[in-house]
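Spelled out, the chains give:
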Amino acid sequence: MKKLFASIIAVCSIAIASQAQSGYKVGDLVQDFQLKNIDGKITSLHSIPDAKGYVVIFTCNHCPYAKAYEDRIIELHNRFAPQGYPVVAINPNDPNVAPDDSYEKMKERAQEKGFPFLYVYDETQNVAKQYGALKTPHVFLVQNVAGKKVVQYIGAIDNNWEDAAAADKHFVADAINSLKEGNKIAVTETKAIGCGVKWKK
């Protein structure tokens, strides 16, 4: 019985580890998606004209970490979208678990904050699983390379979620600037800090 129990624990541990390691890695090719934007239109990465890349950010309405980064996400879009790197924000949360993250609440929050970027709803959570998103916010910087979409950075926006002015490492901005200049990205992966994605039960 003890051996059987130990075997079950081992199998479960392997499954959990495998799940935690799933999703895109730096250098992987990204598949496009079709998700509903807050304006009701179905959109995709391909539908964004003249994009050199995309700042794909899994985020939501209710999480305090996500709220703390909202103004910085707006700033990233306003700064880099004209240079070819727009923000695409994706809400992966199940509203049955987090009611404030419903599609209707997404529209309300976007209007309140004046989001200038796409804010799309991953209702099936398939895109979040495909990317391997674990937190809100969780960033995946994707670059268009010879017609293919390649992951170049994964992780946090910067190194201080509580105070934007106190952040002295700006991972996403630095990564985009490196891509623009044709340089190698110094830091390609960091730990995403935020609330866990609210998965369907």
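Refer to the structure printed above.
Bear in mind the structure is a predicted one, so any value in this text is a computation, not a measurement.

Trainee: How should I be thinking about the environment of valine 139 in this particular structure?
Mentor: On the secondary structure map, valine 139 appears in strand β7 (residues 138–145). A C-alpha to C-alpha distance of 6.0 Å links valine 139 and alanine 156, two positions 17 residues apart in sequence. If near-sequence neighbours (up to four positions away) are discounted, valine 139 is found in contact with Val55, Val56, Ile57, Tyr153, Ile154, Gly155, Ala156, Ile157 and Val172.

Trainee: Looking at this structure, I do not really get the state of the cysteines. What am I missing?
Mentor: A covalent bond between the sulfur atoms of two cysteines is what we call a disulfide. Within the structure shown, the criterion is met by one disulfide. A sulfur-sulfur distance of 2.2 Å marks the disulfide that ties cysteine 63 to cysteine 195. For the disulfide bridge between cysteine 63 and cysteine 195, the dihedral angle about the S-S bond is near 85 degrees, and by the sign convention the bridge is right-handed. One end of the pair, cysteine 63, is in the loop between β3 (53–58) and α2 (64–80); the other, cysteine 195, is in strand β9 (residues 195–196), with 132 residues separating them in the sequence. A relative accessible area of 0% places cysteine 63 in the buried class. Cysteine cysteine 60 remains unbridged, with the sulfur of cysteine 63 as its closest cysteine sulfur at 4.9 Å.

Trainee: Just to check I follow, could you spell out the pattern of salt bridges for this structure?
Mentor: Between side chains of opposite charge, a pair can form as their charged atoms come close. The tally for this structure, following the rule as stated, stands at six salt bridges. For glutamate 104, the salt bridge goes to lysine 107, with nearest N and O atoms at 3.2 Å. Taken together, the positions of glutamate 104 and lysine 107, both in helix α3 (residues 103–113) and three residues apart, correspond to about one turn of that helix. Take glutamate 104: its relative accessible area is 46%, and that puts it in the partly exposed class. When salt bridges with common partners are traced through the structure, they connect Glu70, Arg109 and Glu112 into a single cluster.

Trainee: What exactly am I supposed to notice about the nonpolar core here?
Mentor: If you look at soluble globular proteins, the nonpolar side chains tend to sit buried side by side. By size, the foremost hydrophobic cluster in this structure holds 29 residues, and its most contacted members are Val55, Val87, Leu141, Ile157 and Val172. At the level of secondary structure, the elements contributing two or more residues to this core comprise β3, α2, β4 (87–91), α3, β5 (118–121), β7 and α5 (171–181). Considering every element that reaches this core, the biggest residue donor is α5, with six residues. Contacts of valine 55, omitting those with residues within four sequence positions, involve Tyr85, Pro86, Val87, Val88, Val139, Phe140, Leu141, Val172 and Ile176.

Trainee: Even after reading the chapter, I still don't get the side chain of lysine 149, so can you show me in this structure?
Mentor: Positionally, lysine 149 belongs in strand β8 (residues 148–155). The contacts of lysine 149, once residues within four sequence positions are left out, are Asp28, Leu29, Val30, Leu45, His46, Tyr54, Val142, Gln143 and Asn144.

Trainee: For this particular structure, what's the right way to read the side chain of threonine 190?
Mentor: Secondary-structure assignment places threonine 190 in the loop between α5 and β9. When residues no more than four places from it in sequence are discounted, the contact partners of threonine 190 are Tyr153, Ile154, Gly155, Ala156 and Phe171.

Trainee: What is the right way to look at the pairing of β3 in this model?
Mentor: For a regular strand, side chains alternate in direction, first toward one face of the sheet and then toward the other. With respect to burial, β3 is a largely interior element, six of its six residues being buried. The side-chain alternation of β3 yields two buried faces, one formed by Gly53, Val55 and Ile57 and the other by Tyr54, Val56 and Phe58. The sheet contact formed by β3 and β7 spans six bridges and is antiparallel. Across the sheet, residue glycine 53 finds its bridge partner in β7, namely glutamine 143. Sheet topology places β3 next to β4; four bridges connect them, and they run parallel. Within β4, the residue paired with phenylalanine 58 across the bridge is isoleucine 90. As a crossover connection, the stretch from β3 through α2 into β4 is right-handed.

Trainee: What's the story with the sheet that holds strand β2 (residues 42–43) in this structure? I'm lost.
Mentor: Strand pairing within a sheet occurs via backbone hydrogen bonds; the two strands may be parallel or antiparallel. Overall, mixed pairing links the seven strands, which are arranged β2-β1-β5-β4-β3-β7-β8 in an open sheet. Edge positions in the open sheet fall to β2 and β8, since each of these has one partner strand only. Each of β3, β7 and β8 touches α5; the most contacted strand, β7, lies at about 5 degrees to it.

Analysis parameters
Residues numbered from 1 in each chain as written. Predicted model: local features only at pLDDT ≥ 70, side-chain atom pairs only at ≥ 80, totals over all residues. Heavy atoms only, no water. Helix = DSSP H or I, 4+ residues; strand = E, 2+ residues; numbered from the N terminus. Contact = heavy atoms within 4.5 Å. Disulfide = S-S within 2.5 Å. Buried < 20%, exposed > 50% of the residue type's maximum accessible area, 1.4 Å probe, protein only. Salt bridge = Lys/Arg side-chain N within 4 Å of Asp/Glu carboxyl O. Core = buried A, V, L, I, M, F, W, Y, C linked by side-chain atoms within 4.5 Å. Pairing = 2+ DSSP bridges. Right-handed = clockwise from strand over helix to strand, strands pointing away. Axes fitted to C-alpha atoms, helices over the stretch in contact; angles between N-to-C directions.

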